[in-house]
Amino acid sequence: MRFVYPNGKSKALTFSYDDGQIHDRKLVEILNRHGMKGTFHLNSGTLSPNRDYEVFIAADEVAELYAGHEVAVHGVQHRNLPTLSKNQVVNEVLEDRRALEKLTGGMVQGMSYAFGNYSEQIMEILKGLGIKYSRTVVSTNGFFPPADFLAWHPTCHHNGGIMELGQNFLSVPGFVELPLMYVWGHSFEFAGNGDWNVIEEFAELMEGKEDIWYATNLEICDYIQATRSLESSGDGLTLKNPTAVSVWIRTDQERKLLEIQPGQCVYIGER
């Protein structure tokens, strides 16, 4: 028995972009055009009061602009969390979460660390604030899901050999279970460097692959956490899904695809 992604997809691809500058508008358009999904980490305290400002997106365009993607925490004022007191960390995260939930009308449960800085203490604080995951800036250049979602290391920055890594991802060996490619960055880097072709070419390379699940950070986090929560009998032939997320597996018998729905208990052996 092996885990696969929803509907039998063998791989997952996600994007993560920080700070909410106006260049997110073009990035979102590119991702939408190629059928990609991503997560945008915003500082609600720095959003512009209206759409005439030339640095950050406006608060009143958040819901519309990021529709179909995920909006996540980046700290209300983009402060360096390890330098703050515990109460200040709580305020920096919780105020941002509350503000973004008001703007989107949904739950905000993801995050990325401002400046990529964090600590074990901060990770413990986040657990009590309803944050399910937080991204670092440490590139792995690999395709394994994280051991700890509160220290989620991405595959690469978009300027970190993304095309070569993308080719490797497309041909990742079958023995790698739940392979994941996670790309991060800032949209203003494309504008500043004049290299929007980097993300355009990568999206073209990855577009329309039947074996890839194009998902947000939170969707992937929720799914992999559900696979890790699957319960089994002593012989491993009876499986129970105690979560609210369907889990998909391929059984050893004829590699049959099986969906284990929330609360469902199934027998995967031969009777």
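If you're wondering where the values come from, they're calculated on a predicted model, not measured in any experiment. (Residues numbered from 1 in each chain as written. Predicted model: local features only at pLDDT ≥ 70, side-chain atom pairs only at ≥ 80, totals over all residues. Heavy atoms only, no water.)

K.L.:
Explain the sheet that holds strand β12 (residues 247-250) to me, and be specific about the residues and the numbers.
P.N.:
Read across the open sheet, the three strands follow the order β1-β12-β13; overall the sheet is antiparallel. In the strand order of this sheet, the two ends are held by β1 (2-4) and β13 (257-260), each with one partner. For this sheet the average axis-to-axis angle between neighbouring strands, irrespective of direction, equals 40°. Strand direction decides the pairing type here: β12 and β13, joined by four bridges, are antiparallel. Counterpart to I249 in the pairing with β13 is L258. Helix-sheet contacts for helix α8 (residues 217-229) involve β1 and β12, and the interaxial angle to β12 is about 65°. (Pairing = 2+ DSSP bridges. Helix = DSSP H or I, 4+ residues; strand = E, 2+ residues; numbered from the N terminus. Axes fitted to C-alpha atoms, helices over the stretch in contact; angles between N-to-C directions. Contact = heavy atoms within 4.5 Å.)

K.L.:
Go over the sheet that holds strand β11 (residues 238-240), please, and point to the residues and values.
P.N.:
One open sheet holds the three strands; their spatial order is β10-β11-β14, and the pairing between them is antiparallel. Each having just a single partner strand, β10 (231-232) and β14 (265-267) make up the two edges of the open sheet. Pairing of β10 with β11, which is carried by two bridges, proceeds in the antiparallel orientation. Looking across to β11, one finds that S232 is bridged to L239.

K.L.:
I'd like a rundown of the pattern of salt bridges, residues and numbers included.
P.N.:
Tallying each qualifying case throughout the model produces eleven salt bridges. The salt bridge involving R25 is made with E61; its shortest N-O contact spans 2.8 Å. Taken together, the residues R25 in helix α1 (residues 24-33) and E61 in the loop between β3 (38-42) and α2 (62-65) connect sequence positions 36 residues apart. Its relative accessible area of 30% is what places R25 among the partly exposed residues. As a salt-bridge pair, R97 and E101 come within 3.2 Å of each other at their nearest N and O atoms. Linking R97 with E101, this pair stays in helix α3 (residues 86-104), spanning four residues, or about one helical turn. Of the residues examined, R97 reaches a relative accessible area of 13% and is grouped as buried. We classify E101 as partly exposed; its relative accessible area is 22%. Within this structure, E29, R33 and E200 form a network of salt bridges that share partners. (Salt bridge = Lys/Arg side-chain N within 4 Å of Asp/Glu carboxyl O. Buried < 20%, exposed > 50% of the residue type's maximum accessible area, 1.4 Å probe, protein only.)

K.L.:
Could you give an account of the environment of F40, naming the residues involved and the relevant values?
P.N.:
Inspection of the secondary structure puts F40 in strand β3. What makes F40 buried here is its relative accessible area of 0%. C-alpha separation for the pair F40 and K9, spaced 31 residues apart in sequence, amounts to 24 Å. The contacts of F40, once residues within four sequence positions are left out, are Y17, D24, L27, V28, L31, Y66, H69, E70, V71 and A72.

K.L.:
I'd like a rundown of the nonpolar core, residues and numbers included.
P.N.:
Judged by nonpolar contacts, the single largest core of 52 residues is most densely connected at L13, F15, Y66, L126, M181 and M206. Among the elements that take part in this core, helix α7 (residues 197-206) stands out by supplying six residues, more than any other. M181 has contacts with A12, L13, T14, F143, T155, C156, I162, L165, G166, F169, F202 and M206, leaving out every residue within four places of it along the chain. (Core = buried A, V, L, I, M, F, W, Y, C linked by side-chain atoms within 4.5 Å.)

K.L.:
Explain the packing of aromatic side chains to me, using residue names and the numbers behind them.
P.N.:
Tallying each qualifying case throughout the model produces twelve aromatic pairs. Look at Y113 and Y118: their rings are 4.7 Å apart centre to centre, the planes differ by 15°, and that puts the pair in the stacked class. Relative accessible area serves as the criterion here: at 1%, Y113 is assigned to the buried category. Ring-pair connections join several aromatic residues into one group, and the members of that group are Y133, F149, W152 and Y182. (Phe/Tyr/Trp six-rings, centres within 6.5 Å; stacked < 30°, edge-to-face > 60°.)

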